[in-house]
Amino acid sequence: MNAVALTTLGIEIGWGAALAIKTLVILLIIPTGALILGYVFLLKMMSHMQSRLGPMDPGGFHGWFQLIGDGLKFVQKEDLMPDGADRKVFAGAPAVVLISTFLVFLVIPMGPDLVVKDLDIGVFYALAVSSLSVIGILMAGWSSANKYALLGGLRAAGQLIAYELPLLLAVIGVVIQAGTMSLNGIVVAQQQQSIFGIDWIGNPYILTQFVGFLIFLIAAQAELTQTPFDMPVAESELVGGYHVEYTGFRFLFFFMGEYGTAFAFSAIAATLFLGGYALPWVDGDLANWIGPLVLFAKLMFVAFLMFWARFTFPRLREDQLQAFAWKFLIPLGLANLLVTALFKVAF
Amino acid sequence: MSTTEMPSAPDFELERSAMRHLADAQMNVELDTGDMILNLGPQHPATHGTLRLVVRLDGERVIAADPVIGYMHRGYEKLTEFRTYPQITTLINRIDWLSSFANEVPFVHAAEQLMGIEAPARAQYIRTILTELSRIATFVLFLGEMGLQVGALTPAFYGFRDREHVLNLIEGATGGRFHPNFNRIGGLKDDLPWGWVSETRQVMQLVLDSCDQFEDLVVGNEIFLSRTRGIGIIPGDIGTAYGVSGSNLRASGVDWDLRRDGVPYLAYPDLDFKVWTHAAGDSFARYWVRLQETRESVRMVLQLLDGLPAGPVMAKVPRIIKVPEGEAWVETENPLGQMGYYIVSKGATGPFRVKIRSASFSNVSILPWLLRGVYVPDVVTILASLYFILGDIDR
Amino acid sequence: MARKKIPGMIGGLGITFKTMLKPAVTVQYPHEKEEPPTRARGVIALKEENCTVCMLCARSCPDWCIYIEGHKEKRPPRREGGRDRTVSVLDRFDIDYALCMYCGICVEVCPFDALFWSPEYEYSEHSIARLLHDKVKLGEWMETVPEPEPLEVGAESAKKKK
């Protein structure tokens, strides 16, 4: 979203206005994304998978207003803090989780020129920043002065750190194939490369990196603490885990952080594996216009897969979780890396 | 000991040694890494009601567990001292509210035994059908709700959805979904409405489809298997020693079912059914046994519908029911386990004393033994697989 | 146990996907309502002209939620030359639905068929005290009492009560 993009649309702006627009996009995209994902998948898709309808009355048409109404309700609630809680840490935890989610969108390209800042180390930056939320979760679990929260926070710390590695390994395969860490560069590489000579669909890395895609999905599921990896938030055991003491707008931050992060990870997966905003035969200005829509569609597909698994499977126990990550996913990721490197060098 | 007075010499020595012991004790406490005492309940999603489980944890491992019950004690045995027999029948189906028809049966049976009356054959058959329907309703909910405790959100809704059909059947016959209040001393209140038999056949087919769905969704799921296999193993002899009964005991390999092995009651002697056991005794075995028992109950209901005799549903009983003096004990195979009523009658319109032996009370008594050394998530799995109802524990 | 050859987890995904595509089973109350069966125990209705103030229902209620008051009146004889008749007249017949267990003992015990079951269930109030319904309201509910339905094949038809 730099001045070049807007000049191609025929509008001249200075860098101050560009900065303002970029900030606005970052601030708005997470809540909007969280709302959309929450409504479509949590309220409607989950309900239909369970043979029920979900909200139908709020807003009149299939309850579209439900989440917005929930948000407004949370905002006007009393701000409670447990007596023994560490006030500053308690207040800071949801902010840390949310800020790390906002920062991911700095690098995700929605069109050839529609990116807030195209960093050369885009992928590295995105993964690094999204793992800041672990600190927030630990802060929440510790400062709540509640044994359940503490259990949940410690479980979360172990789980999230364990699943960072498979995430990284899955991504490295893509980076090797694309030859660059910049997300925009990866999208362009997918659009312009070809698979063994067939080039009318470009080279979406899901076809060659399907193992990596699966590992990424599983690791993303674990990073979001969604079933089957939702031990930290095991609702039928810990009644909410690390965010059990959070009410009102602080809980809203966590909720938005969870679905916003789901949005962010789906966007990253769509960019890395499905080709991002690019369609193979579209170039130039048209790509700038339909890029966001294409990215949105691919993102929803990835999110559909993640939420589908979430609503179907039971949860793994903490030690089984860890064993799955360390003994299965990481070796698989390393093997995938090896094969990708071999193919890259050989072909 | 006030500070203005100097203690005499022997007291001084005693006091100093006491203080030394105290200091040692305190140091021991401080050096101890401190187990955490966690209260699961009484308000907790995992405990199926108001059960409080005080566990002492070392990290995530349970060292000791102590169930604290009584939060739902409603004083049933006291209530029965001041009610007449028909009035008691309306109250006792609230003991185990999921399989409510099955609670009335042993009581009415015991009263009929004391009076020397036998309900006619059609009444026995309809009573058996309704008992098995309540068993199906309870178990279908279990199949879904254990999935929920293990973490899957969807099976619980399927359990409730499929249970609705059975509850509609019970409502069609008795007028109440959860509290049928259909048994009377001497038979049943009413006969079945028109079309009930064919409707029941359709619902039974639905229940079989639902069982298949649970088998695919839950039992076939590798995550579920890894969460439940080998968890909470109850050896058969320990289970019998603690008084565990019902599907929990059959899942430990003990081949005991009161419908076949106990004193014959209702229409069970006429039926041809299989008693399912599993040798493992873990949580998975308890789930599997209940799944098979649901299918077996469906077969039993279809057999009963085929063999339903015509005739009256009420024997000749006097207008005011006065049960002659005596004592009677009847125990039946309820969905949750073995339930029994011991009625002491002194010839009045109401019993003198009723003792209720409920299944879940004994099923829960094994928890301190069973929960040693398991992880916290496994505690939830074990509680779900034992399948107790708080009303049944506390009465 | 595995009737299909696909691994269990994929089969589970298939089931949730198929259920998602089927219509939901929810009945959207209050826009749509389900019909309760004929015998559903919704509320108790009173047919005042049949009541003889015998108090059997009030005595046999396990919760003692029926309050009855009546008085005796003298009526002229039915035929010339007969004695005066004493008739019990119902002054007050209240059922406290906050206490009522919906067990049906009163309906069953009444020797004069003055109490009936009705499947009506939408009579909730905003305060518990207003759940004490008097004989006028109980009489209004007589209109919702359904006809007793026929019994299943094999039942004896000689039943005095419904």
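Each chain has its residues counted from 1, following the order in which its sequence is written. The naming scheme follows written order: chains are lettered A onward, ligands numbered 1 onward. Local features in this predicted model are restricted to residues whose pLDDT is 70 or higher, and side-chain atom pairs enter the listing and the counts only when it is 80 or higher, whereas totals over whole chains, interfaces and linings include all residues.

K.L.:
When you look at the sheet that holds strand E3 (residues 85-96) of chain C in this model, what are you seeing that I'm missing?
P.N.:
Strands belonging to one sheet form pairs held by backbone hydrogen bonds; the direction of such a pair is parallel or antiparallel. All names here are of chain C. Strand order in the open sheet formed by three strands is E2-E3-E5, and the pairing between neighbours is antiparallel. Of all the strands in the sheet, just strand E2 (66-75) and strand E5 (132-133) have a single pairing partner and so form its edges. A pair of strands is considered paired only if DSSP assigns at least 2 bridges between the two. Strands are runs of DSSP state E lasting at least 2 residues, helices are runs of H or I lasting at least 4, and numbering of each runs from the N terminus. Bridge count between E3 and E5: two bridges; the pairing is antiparallel. Looking at the pairing, Asp96 lines up with Leu132 of E5.

K.L.:
Can you walk me through helix H6 (residues 133-143) of chain A in this structure?
P.N.:
Three or four residues apart is the spacing at which side chains of an α-helix point the same way, because the helix has 3.6 residues per turn. Residues and elements named next belong to chain A. Partly exposed residues are those whose C-beta has more than 12 but fewer than 20 other C-beta atoms within 10 Å; 20 or more makes a residue buried and 12 or fewer makes it exposed, with C-beta atoms placed from the backbone. Most of H6 is tucked away: ten of the eleven residues are buried. Listed as buried for H6 are Ser133, Val134, Gly136, Ile137, Leu138, Met139, Ala140, Gly141, Trp142 and Ser143. Distance between backbone-placed C-beta atoms decides contact: two residues are in contact if it is within 7 Å. Against the buried residues of H6 lie helix H4 (87-104), helix H5 (122-130), helix H7 (147-178) and helix H11 (248-274). Where H6 terminates, the next one or two residues include Ala145, which has phi positive at roughly 55°.

K.L.:
What exactly am I supposed to notice about the confidence of the model for chain B here?
P.N.:
Atom-level detail of predicted coordinates should not be read off regions where pLDDT is low. All names here are of chain B. Mean pLDDT for chain B: 85, with 91% of residues reaching 70 or above. For every residue, the predictor assigns a confidence score, pLDDT, that lies between 0 and 100. Scored below 50 in pLDDT, residues 1-5 shows one contact in the model against residues more than four places distant or in partner chains. Taken together, the stretch residues 27-32 has pLDDT below 50 and engages in zero contacts with residues farther than four places along the chain or on a different chain. Of the two predicted TM-score estimates for the complex, the pTM is 0.85 and the ipTM is 0.83.

K.L.:
Just to check I follow, could you spell out unusual backbone geometry for this structure?
P.N.:
The linkage connecting Tyr29 of chain C with the following residue, Pro30 of chain C, adopts the cis geometry, with an omega of 5°. Positive phi values are uncommon outside glycine, yet Thr225 of chain A reaches one of about 45°. Locating Thr225 of chain A in the fold gives a position in the loop between helix H10 (210-223) and H11. Since 25 C-beta atoms lie within 10 Å of it, Thr225 of chain A is described here as buried. At Val53 of chain C, a residue that is not glycine, the phi angle is positive and equals roughly 55°. Mapped onto the secondary structure, Val53 of chain C falls in the loop between strand E1 (43-46) and helix H2 (56-60).

K.L.:
When you look at the pairing of E2 of chain C in this model, what are you seeing that I'm missing?
P.N.:
Two faces, one strand: in a regular strand the side chains alternate between the faces of the sheet. All names here are of chain C. With one of ten residues buried, E2 lies mostly on the surface of the structure. In the sheet, E2 pairs with E3 via ten bridges, with the strands oriented antiparallel. If you follow Lys74 over to E3, its bridge partner there is Thr86.

K.L.:
Would you explain the nonpolar core in this entry?
P.N.:
Where a protein is soluble and globular, its nonpolar side chains tend to be buried together. Each nonpolar core comprises buried Ala, Val, Leu, Ile, Met, Phe, Trp, Tyr and Cys residues, the members being joined through C-beta atoms within 7 Å. In this structure, Val171, Phe216, Ala219 and Ala269 of chain A together with Ala111 and Leu133 of chain B are the most contacted members of the largest nonpolar core, which totals 209 residues. Top element by residues in this core is H11 of chain A. It accounts for 17 residues. Residues Cys57, Cys61, Phe116 and Val145 of chain C belong to the second largest nonpolar core, which totals 20 residues.

K.L.:
I keep staring at the interface of chain B and chain A and nothing clicks. Help me out?
P.N.:
How big an interface is tends to be reported as the loss of accessible area on association of its parts. Across the boundary between the two partners, chain B contributes 25 residues, which contact 22 residues of chain A. Side-chain classes are defined by residue name, with Ala, Val, Leu, Ile, Met, Phe, Trp, Tyr, Cys and Pro counting as nonpolar, Asp, Glu, Lys and Arg as charged, and the others, Gly among them, as polar. For the side of chain B that touches chain A, the class distribution of residues is 15 nonpolar, seven polar and three charged.

K.L.:
Hey, could you run me through the sheet that holds strand E2 (residues 52-58) of chain B in this one?
P.N.:
All names here are of chain B. The antiparallel open sheet is built from three strands, whose spatial order is E1-E2-E3. Where the open sheet ends on each side, the last strands, each with one partner, are strand E1 (36-40) and strand E3 (61-68). Taken pair by pair, the neighbouring strands of this sheet meet at an average axis angle of 20°, ignoring direction. Two strands pair when backbone bridges link them, and E2 and E3 are joined in this way by seven bridges, in the antiparallel orientation. Each bridged residue has a counterpart across the sheet, and for Arg56 the counterpart in E3 is Ala64. For every element, the axis is a line fit to its C-alpha atoms; helices are fit only across the contacting stretch, and the angle between N-to-C directions ranges from 0 to 180 degrees.

K.L.:
Explain the packing of H10 of chain A against helix H13 (residues 318-346) of chain A here, please?
P.N.:
The description of two helices packed together rests on the angle between their axes and the distance between the axes. Residue and element names in this part refer to chain A. Put simply, H10 and H13 touch, their axes get as near as 10 Å, and they point 150° apart. As summarised for this structure, H10 and H13 are arranged roughly antiparallel, according to the angle between their axes. Regarding H10 and H13, the two cross each other, and that crossing is left-handed. Contacts between H10 and H13 involve Val211, Gly212, Ile215, Ile218 and Ala219 from the former and Leu329, Leu332, Gly333 and Asn336 from the latter. Across the contact of H10 with H13, the residue classes break down as six nonpolar, three polar and no charged. Note that the term roughly parallel is reserved for angles under 35 degrees, roughly antiparallel for angles over 145, roughly perpendicular for angles of 65 to 115, and oblique for everything else. Two helices crossing with the near one rotated counterclockwise from the far one by less than a right angle form a left-handed crossing, whereas a clockwise rotation gives a right-handed crossing.

K.L.:
Explain the interface of chain B and chain C here, please?
P.N.:
Contact with chain B, which involves 32 residues of that partner, is made by 29 residues of chain C. Contributions of two or more residues to the side of chain B that touches chain C are made by helix H3 (85-92), helix H6 (154-174) and helix H7 (196-219) of chain B. Of the residues forming the side of chain B that touches chain C, the biggest block, seven residues, is contributed by H7 of chain B.

K.L.:
What's the story with the environment of Pro120 of chain B in this structure? I'm lost.
P.N.:
Residues and elements named next belong to chain B. Within the secondary structure layout, Pro120 lies in the loop between helix H4 (100-115) and helix H5 (121-150). Since 19 C-beta atoms lie within 10 Å of it, Pro120 is described here as partly exposed. For the pair Pro120 and Pro318, spaced 198 residues apart in the sequence, the C-alpha separation amounts to 16 Å. Look past the residues within four positions of Pro120 in its chain and what remains in contact with it is Gly187, Gly311, Pro312, Val313 and Ala315.

K.L.:
Looking at this model, I keep getting lost on the packing of H4 of chain A against H5 of chain A. Mind explaining?
P.N.:
All names here are of chain A. One can describe the packing of H4 onto H5 by two numbers: an axis separation of 8 Å at closest approach and a directional angle of 170°. In terms of orientation, H4 lies roughly antiparallel with respect to H5. At the point where H4 passes H5, the crossing takes the left-handed sense. Only Ala126, Val129 and Ser130 of H5 make contact with H4, whose side of the interface consists of Ser100, Leu103 and Val104. A per-class count over the contact of H4 with H5 returns four nonpolar, two polar and no charged.

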